[in-house]
Amino acid sequence: MHLLIPAAGSGKRMGSSSNKLLLEILGLPLLAWTIKAAEQSQQIEWVGIIGQAYDFDQFQNILDNLGFSKKYQLIQGGKTRQESVYRGLQSLPSNAKHVLIHDGARCLATPNLFDRCSEALASCSALIAAITVKDTIKVVDAQGFIAETPNREQLWAAQTPQGFSVDLLKHCHDKGLALGWEVTDDAALLEKCQIPVKIVQGEETNLKITTPVDLAIAQYILSERLG
Ligand code: C5P
């Protein structure tokens, strides 16, 4: 299995002037925890890390210090996540049939989740990890009033990994680029192309580290895991 890790964002919502993935949790950069989980997956053999060129030295340091055994490649990212993944897809080795996309910011995903998503790609060509929502979700209008309360039983919070047949995902990204679609995850491109996307049970702890509170929760979960 080939894995692309979009890691070319900033730290704006974290209140950081640099890439939030370089902030440390328990002495290791956030991105190192993400890579460590991928490294422990039995299914993944190749990992493309998509970053901004100014972060490459630090990304390479992470790889050198942790001494990984899989094949790694650093790939130049873009201005948006969508553009970063698009560039990652162009850099996949030509023998890649399936790809998992996993946000670098989700540093708590377990190796088991990578393996379950990889295995599920044997029986479908597009999937995402997701979990049911716990809160009642409101749709709110521009004036700040509730417009709708969707039935909670049908609501799932999208996570990554998201897994696809490479040809299919490239086709949807190309179409999205040509038609000017702007999306925040890859599954949304397939939805717009009316291609079915399967749900794989995600993990409640698989948070996307976005704000300082997320960072504190991640530190707690990782220290519990380490005993
Ligand atoms: O900002 P947010 O956390 O939603 O971004 C999701 C993931 O996409 C992060 O891992 C981030 O590094 C990545 N990203 C990217 N290229 C961008 C913007 C975000 O690879 N231009």
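Here we summarise the structure given alongside this text. Because the structure is predicted, anything quoted here is derived from the model rather than measured. (Residues numbered from 1 in each chain as written. Predicted model: local features only at pLDDT ≥ 70, side-chain atom pairs only at ≥ 80, totals over all residues. Heavy atoms only, no water.)

This part takes up the overall build of the chain. Of regular secondary structure, the chain possesses seven helices and eleven strands. Taken over C-alpha atoms, the radius of gyration comes to 17 Å for the chain, in line with the 17 Å a tight globule of 227 residues would show. Dimensions of the chain, computed from C-alpha atoms along their principal axes, come out at roughly 50 × 40 × 30 Å. Out of the 227 residues belonging to the chain, those deemed buried represent 50%. Of all intrachain contacts in the chain linking residues separated by at least 6 positions in sequence, the fraction that spans at least 24 positions is 73%. Summed over all atoms, the accessible surface of the chain reaches about 11600 Å², with 49% contributed by carbon and sulfur. With 21 positive and 24 negative side-chain charges, the chain shows a separation of 2 Å between the mean positions of the two kinds. (Helix = DSSP H or I, 4+ residues; strand = E, 2+ residues; numbered from the N terminus. Rg over C-alpha atoms; globule rule 2.2 N^0.38 Å. Buried < 20%, exposed > 50% of the residue type's maximum accessible area, 1.4 Å probe, protein only. Contact = heavy atoms within 4.5 Å. Areas by Shrake-Rupley, 256 points an atom, 1.4 Å probe, with all protein chains shown as cover. Lys, Arg positive; Asp, Glu negative; His and termini not counted. Charge placed at Lys NZ, Arg CZ, Asp CG, Glu CD.)

Most of helix 1 (residues 30–40) sits inside the fold, with nine of its eleven residues counted as buried. Of the residues making up helix 1, those classed as buried are Leu-30, Leu-31, Ala-32, Trp-33, Thr-34, Ile-35, Ala-37, Ala-38 and Glu-39.

On to the environment of Gly-9, then. One can find Gly-9 in the loop between strand 1 (2–6) and strand 2 (24–25). Of the residues examined, Gly-9 reaches a relative accessible area of 40% and is grouped as partly exposed.

Taken together, the neighbourhood of the ligand is formed by 16 residues, with Pro-6, Ala-8, Lys-20, Ser-84 and Lys-208 sitting nearest. Within the backbone of Gly-104, an N or O atom sits 3.2 Å from an oxygen atom of the ligand. Contact between the ligand and Ala-105: an oxygen atom at 3.2 Å from a main-chain N or O atom of the residue. Summarising the interface, the protein chains cover 85% of the accessible area of the ligand, which totals 460 Å² for the free molecule. Residue composition of the shell around the ligand, grouped by class: five nonpolar, five polar and six charged. (Near = heavy atom within 4 Å. Polar contact = N/O pair within 3.5 Å; in protein donor to acceptor, adjacent residues only side chain to side chain. Nonpolar A, V, L, I, M, F, W, Y, C, P; charged D, E, K, R; others polar.)

The next point concerns the pattern of salt bridges. Applying the stated criterion to the full structure yields four salt bridges. In this structure, Arg-81 and Asp-103 form a salt bridge, with 2.8 Å as the shortest nitrogen-oxygen distance. Residue Arg-81 is found in helix 3 (residues 81–90), and its partner Asp-103 is found in the loop between strand 6 (98–101) and helix 4 (111–120); the two are separated by 22 residues along the sequence. Look at Asp-103 and you get buried, because its relative accessible area is 11%. A salt bridge links Glu-204 to Lys-134; the nearest nitrogen and oxygen atoms lie 2.7 Å apart. Residue Glu-204 is located in the loop between strand 11 (198–201) and helix 7 (212–226), and its partner Lys-134 is located in the loop between strand 7 (126–132) and strand 8 (139–140); the two are separated by 70 residues in the primary sequence. What makes Lys-134 exposed here is its relative accessible area of 63%. Each of Arg-81, Asp-103 and Asp-186 takes part in one network of salt bridges that share partners. (Salt bridge = Lys/Arg side-chain N within 4 Å of Asp/Glu carboxyl O.)

So, about the sheet that holds strand 11. Pairing is mixed across the open sheet formed by seven strands, whose spatial order is 5-4-1-6-10-7-11. Pairing within the sheet leaves two strands with one partner each, and these edge strands are strand 5 (71–76) and strand 11. Recorded for the sheet is a direction-independent mean angle of 25 degrees between the axes of neighbouring strands. In terms of strand pairing, strand 4 (residues 46–51) meets strand 5 through six bridges, oriented parallel. Across the sheet, residue Ile-49 finds its bridge partner in strand 5, namely Leu-74. Here helix 3 sits on the sheet and contacts strand 1, strand 4, strand 5, strand 6 and strand 10 (156–165); the angle it forms with strand 1, its principal contact strand, is near 150 degrees. Here helix 4 sits on the sheet and contacts strand 1, strand 6, strand 7, strand 10 and strand 11; the angle it forms with strand 11, its principal contact strand, is near 150 degrees. (Pairing = 2+ DSSP bridges. Axes fitted to C-alpha atoms, helices over the stretch in contact; angles between N-to-C directions.)

Negative phi values dominate among residues other than glycine, just as trans dominates among peptide bonds. Note the cis peptide between Thr-160 and Pro-161, where omega equals 10 degrees. In this structure, Leu-26 takes a positive phi of about 50 degrees despite not being glycine. Following the sequence through the fold, Leu-26 ends up in the loop between strand 2 and strand 3 (28–29). Even without being a glycine, Gln-194 presents a positive backbone phi close to 60 degrees. Along the chain, Gln-194 turns up in the loop between helix 6 (187–192) and strand 11. Look at Gln-194 and you get exposed, because its relative accessible area is 71%.

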